[in-house]
Amino acid sequence: MAVKQKVGKRRSAIVSLMHLRDDPRIKSVGGYILNFVLGFALSGSIVMTDLAPFGIAIVGRARADWGGVCCLLGACISYIVLGGFDWGIKYVATVTLVFTVAFIFRDTRTIKKSWFMPAAVSVITAATSFLNTYEFLDSFPSAVSVFSEVVMAGAATYFFSIALTPQKTGSEATERRQAISILVLLSCILMSLTQVTIMNVISVGRFLALIVVLTAAFKGGMLPGCAAGTALGLAMDMASGGEVFFSMAYAFAGLIGGTFSKHGRLMFLVSYIIANTVAVLWTWGSVLRLELMYEVFAATVIFALLPDSLLEYVGGIAQLPVPGTGESGLRRYAASRAEQISTAFRELYGTVFRSITGTENDNDIATVFDRAAGAVCVNCKNKEDCWQKNFMDTLSIMNDATGPMMKRGKLVKEDLAERFTDKCLFYYNFISAVNSELRGLMYRRQFRSRLNENRIAAYGQYKELADIMEGVAKELNYAKGADPLAERRLKRFLRAMDIEADVSVFRDNRGRLRAIIESGHLGPLLRQGNYLEILSGVLGVRLCKPPADDDISDRRLVVLEAEPLVVSVGIAGIKKKGEPVSGDRGTYFKTDQGILCVILADGMGSGEDAARESINAVKTLEAFLRAGVDPAVAMKILNSVLLLKNGEEWGYSTIDLMCVDLFTGETCFYKYGAAPSFVKNGKTIRRVRCESLAAGICAGEGSAPDIIRMRLKPGNIALIASDGVLVEQNDAWLREMLIASDGVDTKTLAKETLRAAVRQFGCEDDMTVLAVRVDERT
């Protein structure tokens, strides 16, 4: 029990510390302390014997607020305490002038320019240096010192600003620039620690510099190790003020150690120690720098004890970009899109092909005899005897004659029974009339057969297009849009969570970022309730889940760049009085391209037949839209389908399609014979009219739908309804309702609109209302 109580107390203490860390006041105090420490430390970095430009630079980077005051105070104390009053007064004056300039321009746009403060620091440093050593015109070394200090102060201000300013996720060049700036800042800080020694043997500054070089070489390889060694070595040489030695030793050891970085930590450390030993022996003839060996030994021992997670996190900055799988992921995505389009065309072909090639009831041969009798026997005196009293005998005679007639292709006297020809006064005229009607029947059958063949050929083009798209999906081998920098950041984050995964990060043809993570165990990530926020911080863009939940599992995770706009949709409907079902069909969905589609179809007539037509129309249109087909093309395809099938199983339908780009707000209305729609923007109501005919009627040049484009802004409302709700001549009541409504609850707006329409016009037709509101994502 005592152990549990101790554990509970420690846990409570840790939670209290975490809450304390998030306190804004604690953060402010921590910022003040950090600014003071940076000002104090960097003012102690002395190069070229008596130059200390980095304190000026850090004050130039600090803003004109309380943090900047703390930085200025730290720099002034450091200059006076470490260098004495006579030497430090010049720098105190310089940093004071720099802070004054920042304070004067604090509310202007000029100070936000990346060049302004570096230029101001350079000018002020040059002025104070000239006033302090005005005789430099007669002394070349003094001129060089002043010039060097001016350049170092201005450049350091630029790099410190980048290093200490949180950078938004951008290009690889931006991230590299910040990494270099951090290295410059770190080098300057370590220069101030070179004079701090342990047992008068090991320099703290050089010891920490070796740790940095070791990390860069071990995690980044040869090039990052050599680059870090060169930069930090130059800094240590500048701080020592002696011969150039550390830049050579650090760079050479980083290069050799990076070569063995893939052979384990032990082999890496051994190679690094040997490389430094060789560098020390190279100085045997001049000055033997044995202190480097002590520092290398201490640094390698500490480095060997550092945990892998820490090295992975810190060393990720030094890792070079490696070819990622984003391009292959993009190709797979494009191939999937092509396969979806192919499947949509193939299903459409199968649907109509089955209806065309189905068994047809063609028992219309009796009409041949009926029409012939109607033309010949109408004035015969024996018609009642043949077609009423002895109807069954006459029917039997005609049935017996049908087989030989159809086999021969015409009717002859021998096909009819003698008892019929003996009593028929006009049997020759009757035979001629039957043959005339038979020829008409054959022509109709031939025409119908040709029409079916033409339809099958037309729909066969869809199947051919499906085959083409399937081939494109299989052969797709080139695409652009991979983002290796984002992939590297995401891999670095996943490794910190001990997740080895294949990562693909790319942008599709619309510029939307997509990330695909495939791993054997994504549980540790998915168990984080806010994993979308975490991944958003890693990739630098706000992310959301895809429309299909199939893309999220313990082995595969797909996330998309979140749209800046969101849409709420409300639907209300009522069937026509006396009908079992409504002939209207409305739906809405979001594609994975970030397009919201709202569809309303009104089938011909009402009841079950109209419902069947509208359901088929919506299903076909939705399949193409989800596959990424252009909405105008999808509407034309639907019109062709209804046109070719008009008069048989399908009829015509009015189609209302609204597509909203949730990234830009660009909105398009596509209409085939649909009722007017209304868009509310503030107190302004815009009516969106349609002039085209319904889908399934339009043909030729007028087959394209009406397209109305506009941009919807947050707070705008659109209302789409069937023709039972919106009557062409009377919409004043609807305009008044839209102006009076705030439209926050779209479901309520749709229901209220439907009730008002029922009061106005009754339930003489199917009625459906869809209310759409656009808002900013919060």
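For every chain, the first residue of the written sequence is number 1, and numbering continues from 1 along that sequence. This being a predicted model, a pLDDT of at least 70 is required before a residue's local features are given, and a value of 80 or more before pairs of side-chain atoms are given or counted; all residues contribute to the totals for chains, interfaces and linings. Side-chain metrics in this entry use all non-hydrogen atoms of the structure; hydrogen atoms and water are not considered.

1. Looking at unusual backbone geometry
We count it as follows: Each helix corresponds to a stretch of at least 4 residues labelled H or I by DSSP, and each strand to a stretch of at least 2 residues labelled E; elements are numbered beginning at the N terminus. For every residue, the accessible area obtained with a 1.4 Å probe (protein chains only) is divided by the maximum for its type, and the residue is called buried under 20%, exposed over 50%, and partly exposed between those limits.
Despite not being glycine, Met199 shows a phi value in the positive range, around 60 degrees. Mapped onto the elements, Met199 comes out in the loop between strand E1 (197–198) and strand E2 (202–203). Owing to a relative accessible area of 74%, Met199 belongs among the exposed residues under this scheme.

2. Some thoughts on the packing of helix H4 (residues 66–83) against helix H5 (residues 85–104)
As a reminder, the rule being used: Axes, fitted as lines to C-alpha atoms, cover a helix only where it is in contact. Angles between the N-to-C directions of the axes lie from 0 to 180 degrees. Roughly parallel means an angle under 35 degrees; roughly antiparallel means over 145; roughly perpendicular covers 65 to 115; every other angle is labelled oblique. Working rule for handedness: look at the near helix, and if it is turned counterclockwise from the far one by less than a right angle, call the crossing left-handed; if clockwise, right-handed. Here a residue-residue contact requires only that any non-hydrogen atoms of the pair lie within 4.5 Å. All amino acids are sorted into three groups, where Ala, Val, Leu, Ile, Met, Phe, Trp, Tyr, Cys and Pro are nonpolar, Asp, Glu, Lys and Arg are charged, and the leftover types, Gly among them, are polar.
The contact between H4 and H5 brings their axes to 7 Å, and the two run at 165 degrees. Accordingly, the angle class assigned to the pair H4 and H5 is roughly antiparallel. Where H4 crosses over H5, the handedness of that crossing is right-handed. Of the residues in H5, those in contact with Gly68, Val69, Leu72, Cys76, Tyr79, Ile80 and Gly83 of H4 are Phe85, Trp87, Gly88, Ile89, Tyr91, Val92, Val95, Thr96 and Phe99. Of the residues contributing to the contact of H4 with H5, the split by class is 12 nonpolar, 4 polar and no charged.

3. What to know about a nonpolar patch on the surface
Keep this limit in mind: What makes a patch is a set of residues exposed beyond 30% relative accessible area and free of salt bridges, joined within 9 Å when like-charged and within 5 Å when nonpolar (Val, Leu, Ile, Met, Phe, Trp, Tyr). All accessibility values rest on the Shrake-Rupley procedure with a 1.4 Å probe; residue burial counts only the protein chains present in the view. For this document, the term salt bridge refers to a Lys or Arg side-chain nitrogen within 4 Å of an Asp or Glu carboxyl oxygen.
Residues Phe40, Leu73, Ile77, Ile80, Val81, Leu82, Phe85 and Ile89 make up a contiguous nonpolar surface patch of about 700 Å² in total accessible area. Of all elements in the fold, only H4 and H5 reach the threshold of two or more residues within the nonpolar patch. Looking at the element boundaries, Ile89 is found in helix H5.

4. Focus on the environment of Val151
Its place among the elements puts Val151 in helix H7 (residues 140–164). Along the primary structure Val151 and Ala126 are separated by 25 residues, whereas in three dimensions their C-alpha atoms are 9.3 Å apart.

5. Some details on the pattern of salt bridges
Evaluation of the coordinates by the stated rule reveals 21 salt bridges. Measuring nitrogen to oxygen at the nearest pair gives 4.0 Å for the salt bridge that ties Arg514 to Asp592. Here Arg514 is found in strand E4 (residues 513–519), whereas its partner Asp592 is found in the loop between strand E8 (584–590) and strand E9 (595–603), with 78 residues between them in sequence. For Arg514, a relative accessible area of 5% puts it in the buried group. When the shortest N-O distance is used, the salt bridge between Arg735 and Asp731 registers 3.6 Å. Owing to a relative accessible area of 27%, Arg735 belongs among the partly exposed residues under this scheme. Taken together, the salt bridges that share partners define one network made up of Arg512, Glu563, Lys590 and Arg777.

6. Points about the packing of aromatic side chains
We count it as follows: For Phe, Tyr and Trp, rings pair up if their centres lie within 6.5 Å, where Trp contributes its six-membered ring, and each pair is then called stacked (planes under 30 degrees apart), edge-to-face (over 60) or tilted (otherwise). Lysine NZ or arginine CZ positioned within 6 Å of the ring centre and within 35 degrees of the ring normal marks a charge as sitting over the ring.
Counted by the stated rule, this structure contains 14 aromatic pairs. Taken together, a centroid distance of 6.3 Å and an interplanar angle of 35 degrees make the contact between Phe268 and Tyr272 tilted. A residue pair is termed a helical-turn pair when its members lie 3 or 4 positions apart in one helix, as Phe268 and Tyr272 do in helix H12 (residues 265–281) at 4 residues. Here the two residues Phe268 and Tyr272 agree in accessibility, since each one is buried. Seen from the ring of Phe103, Arg106 lies directly overhead, with NZ or CZ sitting 4.1 Å from the centre. Stacked on the ring of Phe303, the Lys or Arg Arg265 has its end atom at 5.6 Å from the ring centre.

7. Structural notes on the sheet that holds strand E11 (residues 666–672)
To be explicit about the condition: In this description, strands pair whenever DSSP reports at least two bridges between them.
Ordered by their spatial adjacency, 5 strands build an open sheet running E8-E9-E10-E11-E14, and the pairing between neighbours is antiparallel. Every other strand in the sheet has two partners, leaving E8 and strand E14 (706–711) as the edge strands with one partner each. Across the sheet, the axes of successive neighbouring strands diverge by a mean angle of 10 degrees, strand direction being ignored. Pairing between E8 and E9: 7 bridges, direction antiparallel. Bridged to Lys590 within E9 is Leu596.

8. Points about H12
For an α-helix, 3.6 residues make a turn, and residues three or four places apart therefore share a direction. This is how the line gets drawn: To estimate the expected span of a helix, count its residues, drop one, and scale the result by 1.5 Å.
Here H12 is 17 residues long and its end C-alpha atoms lie 24 Å apart, about the 24 Å a rise of 1.5 Å per residue gives. Inspection of H12 places Arg265, Phe268, Leu269, Ser271, Tyr272, Ala275, Asn276, Ala279 and Val280 among the buried residues, and these make up the whole buried set.

9. Here we look at the environment of Gly258
Here Gly258 shows up in helix H11 (residues 246–259). A C-alpha to C-alpha distance of 8.6 Å links Gly258 and Leu214, two positions 44 residues apart in sequence. In this view, Gly258 contacts Ala217, Gly221, Met222 and Phe268; residues no more than four positions away in its chain are not counted.

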